[in-house]
Amino acid sequence: MDAELAYLKRYPDVAGAIKAGTVTSALEHFLNYGRFEGRVWLGPERTAAGSEPVPEPPPPEPAAVAHNCDAILLTQGFLFVDGWVDDRFDGLAAIEVAVDGAGPVLSLPSCRYRRQDVEQHLGLSSTFESGFWQLFRIPADLGLGPIGLRLRLASGRAVALGAGNVVRLSLREHFEAFLGFYGRRQLIGSLVARSFSELGLGLAGTIEHMHNAIRTTRAATSEGTYGRRPSRPLLSFVCCIYGIPDFLFLQVAQFARYANLERCEFIYVNNSPELEEVLHRDAEIAAFLFRTSVSVISLNQNTGFSHANNVGIAEARSQTIVVINPDVFPYSAASFGTLSRLAQKTRHALIGGKLFYADGTVMHGGMIFIADPRHSALARTKVWTVEHPRKGFPDLGDSDTTPVPAVSGALMVFDRADYDKLGGFDERFIYGHYEDADLCLRFADKGWKVLYDASLTFWHYEGRGSIKRPEHAGAVHYNRWLFSRTWSASLSRQNSEA
Amino acid sequence: MRILEISLFHPELIRGGAQQAAYELFLGMRKSGLDATLLASADLSGPNALFKPGAIITGFDGRENEFLFLSDAFDHAWLRNLNVRALKWFEEFLLDRKPDVVHFHHFLTFGLELFLLARRTLPKARLFLTLHEFLAICRADGHMLRTFDKTLCTSASAVRCHQCFPDITPEMFRLREDWIKQAFAVFDGFIAPTAFVRDRYTAWGLPPRKIHVISNAQTDYATLESWHLRPPSPAGRSPRRNRFAFFGQLVDVKGLGVVFEALDIFAKRYDEDLIFEINGSNLKFASEKFRIRFDEFISGKHQLPERIKVSWNGSYAMTDLPSRMGRIDWVLVPSIWWEIFGLVLSEAFMFRRPPIASRIGGLAERVRGEKDGLLFDAGDASELADIFYRAITEEGLWERLSAASPGVPSVESIVESHLRVFSGRAGAVRRARAA
């Protein structure tokens, strides 16, 4: 079976595209579409007897090309290659991988990044992006045998790489390691623009596949409710905990300063398995001490903001949902009063409040969307960012309710039925960022209201409620790209109308 | 009036000023015929044999109305009790004893939750807290010393505290203050042993009208028969008043380092003989630098002239005070932190041993300079060396200061002051005076 047939067999939809005349061949499809969608071009398939031809051996190298393969991360279905090459005189065109020794060859254009250590090693006074990397999707049944790697240079010459340091990881470890690398890599030029380019050219598809595979492994490891749980609470507070357990107790305590909490329920969804026992302990104490209902649902991994909140909201009993960050606390007794007044009156409205930094300046008063001009110019597509007007400025003392493009997920109040109709937070976003804005835009898309209620005052000790890990930085690039791709047309229209 | 006194530790188990004051007050109440109960905490730093499987509150050594609160899960970061059983059993204890007054002396080892529970469980009871130190204000062990250079701190704020603990964000300090004030809000009143403490807590945000200044309860050991058996001025001593002594914890902030430095200066500057005795323990809590220096002075590795003698008598119990005080003339209180009350001043006053104290915090308030003691700037070893000389050589100084010693108020009077506050009469008297 040749590569053309192997491709068509693996991706039956391509045959349909050829029949419809969209493309003329499997190779054309791969070159123009497939490789950007995370599809792989396979060499000749193995036979059981292993009698099929093996990948061609690298041609003799006329001159040594300095290079190294630093790491190969391998898991079922995915392979990440990271290394460097001095290709100043013959540019690197693609990375080719043959898994399981005699297996098929995968080829993808290389992604590049800057390696200052290599520049130092080569004794260069100028900079160039010597690092290369690529994230491959590989057939799930491959990857157990030896791995062959080579770099295909612009001249057509192939440079065989050593096997590198092959590290076999679980899927989640692999995902985190890759995103950690992706968030930290150094470039010559704009990280945002390059990320948009790489994601748009197929990387996003691979990340999405990886993320989807991980999503199937999510599960709750324990659930417990402490205190008397009202059958129809006035308010259901849903909060995602990650990395820092202290906030469960402190948050309930802060609410208890100002209100009787017997008609409320607090649902904490834990994204840090190692905190499970501590959270159950504190939930029991908080429920006993403050006479309220505190539930803990502990998950087996960091599932991110969207999934955790969706899990928590699914358990909530109130019609009025308050999604709240662990580092958000009522500003005064009036804060709880405003929340209580909103209870069961939020139909077709998503409401955010005025959030304050600990120093008393305003942290949030609604959000707007801006197509960042510099990033957009560099990325040659609109890169949308979320901005908080008057962030860090003194409070104006306003108390009105006004429509806004979006509100922060740090504090959101909405009706359970509306949320259900929309299908909850979009779990395609990885870890956190942009899913709150996405929910607001979907609310608005329905013709419902997104409101900023300046009388709903809360403290928000932004960034203190959870820990930061390297993989989060990589996820932010993906989330921004996903958000921009999803909403760019709509936001452009809205902003031009405004 | 049924009173529950809640003390950080029992002085029988762990010595310390706060527990001593609490216990003296409790004993005074019992002696006055009041229905008082003591609940003193014990934690795993003490004798573990006192812990009993499954028990949170137990009796103590067969003593009437004395109980131990067995604390095994205190969280120093948030001043919380992490054992829900401890909270539930404390609630049961309150319901069982039904006190009209609950008087806390601390939150350490108990957890701030107990304040909230006391209010919830006994809505009609009157709740009080004695402010024995500044831990509520300052995370650095309540010392109010900047952690990075050990200079004195005058006020806490989220950013200033973050400067002392760079790993903890300002927001966390804001939450800490919120949580403590939330727990403190349950109290009907606070008792401060000095005006200095009252003023610090007022500046921190406690309502001034709620803070009452009452001296710590302290038995006057000089009135005990054992003291009278010992002549206060044993024969054979130097005719000059050249015997100085330190009483207290052997930790950095108590200022022994200043005395060591002053002795060096004194040795160079003056030719008089001088005896310096150290009474105290807990060297293990001192810094390594301090421990090394202490060891050098005690072992003689640090060279001082023969005429200057330094000795360490080890730890002491209250019952040892008569003999320890009997062989010295002056009591040094060289603290370099905001000493709240200075229990050792009470001990000095009761034995009419004039104190030489740092001009700081509660010490500066209690010692009336040149009347019943001498003051020097905290940390000023040079000034202290000059005071040594003056104390030894100035004719009649010791006699004058000793004669003016205020002694200590009787425990009965301190109990009476507390009862006035507990019953709300103290406020009424003050308001009447103000009017």
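Calculation rules
- Residues numbered from 1 in each chain as written.
- Chains lettered and ligands numbered in written order.
- Predicted model: local features only at pLDDT ≥ 70, side-chain atom pairs only at ≥ 80, totals over all residues.
- Heavy atoms only, no water.
- Core = buried A, V, L, I, M, F, W, Y, C linked by side-chain atoms within 4.5 Å.
- Buried < 20%, exposed > 50% of the residue type's maximum accessible area, 1.4 Å probe, protein only.
- Helix = DSSP H or I, 4+ residues; strand = E, 2+ residues; numbered from the N terminus.
- Contact = heavy atoms within 4.5 Å.
- Buried area = accessible area lost by both parts, 1.4 Å probe.
- Salt bridge = Lys/Arg side-chain N within 4 Å of Asp/Glu carboxyl O.
- Polar contact = N/O pair within 3.5 Å; in protein donor to acceptor, adjacent residues only side chain to side chain.
- Pairing = 2+ DSSP bridges.
- Axes fitted to C-alpha atoms, helices over the stretch in contact; angles between N-to-C directions.

Undergrad: Looking at this structure, how should I read the nonpolar core?
TA: If you look at soluble globular proteins, the nonpolar side chains tend to sit buried side by side. Counting residues in hydrophobic clusters, the biggest one holds 144 residues, and the most contacted among them are F237(A), F90(B), F104(B), F115(B), F184(B) and Y201(B). No other element matches helix α8 (residues 276-290) of chain A, which puts eight residues into this core. The residues touching F90(B), leaving out its near neighbours within four places in the chain, are I6(B), L39(B), I57(B), F69(B), F104(B), L114(B), L117(B) and A118(B). Of all hydrophobic cores here, the second largest spans 70 residues; its members include I214(A), I267(A), A379(A) and W448(A).

Undergrad: What should I look at first to understand the interface of chain B and chain A in this one?
TA: Interfaces are often sized by the amount of accessible area the parts lose when they come together. Taken residue by residue, the interface counts 21 residues in chain B and 21 residues in chain A. A buried area of about 2100 Å², summed over both sides, lies between chain B and chain A, and 63% of it is on carbon and sulfur atoms. Where chain B meets chain A, there are four salt bridges. The interface formed by chain B and chain A includes eight residue pairs in polar contact (both at pLDDT 80 or more).

Undergrad: Just checking my understanding: could you explain the sheet that holds strand β5 (residues 111-113) of chain A for this structure?
TA: Within a sheet, each strand pairs with its neighbour through backbone hydrogen bonds, oriented either parallel or antiparallel. All names here are of chain A. The strand order across the open sheet formed by five strands is β5-β6-β2-β1-β9, and the pairing between neighbours is mixed. Of all strands in the sheet, those bounded by a partner on one side alone are β5 and β9 (166-168). The mean inter-strand angle of the sheet, taken between neighbouring strand axes irrespective of direction, is 20 degrees. Pairing between strand β2 (residues 78-85) and strand β6 (residues 131-137): seven bridges, direction antiparallel. Across the sheet, F78 pairs through a bridge with R137, a residue of β6. Contacts from helix α6 (residues 191-215) reach β2, β5 and β6 within the one sheet, and its direction differs from that of β6 by about 35 degrees.

Undergrad: Explain the pattern of salt bridges here, please?
TA: Two side chains bearing opposite charge may form a pair once their charged atoms approach each other closely. Residue and element names in this part refer to chain B. Here the structure, examined in full by the defined rule, presents 48 salt bridges over all chains. With a shortest N-O distance of 3.4 Å, D295 and K301 are connected by a salt bridge. Exposure remark for D295: the relative accessible area of 37% places this residue in the partly exposed category. Since its relative accessible area comes to 60%, K301 is described here as exposed.

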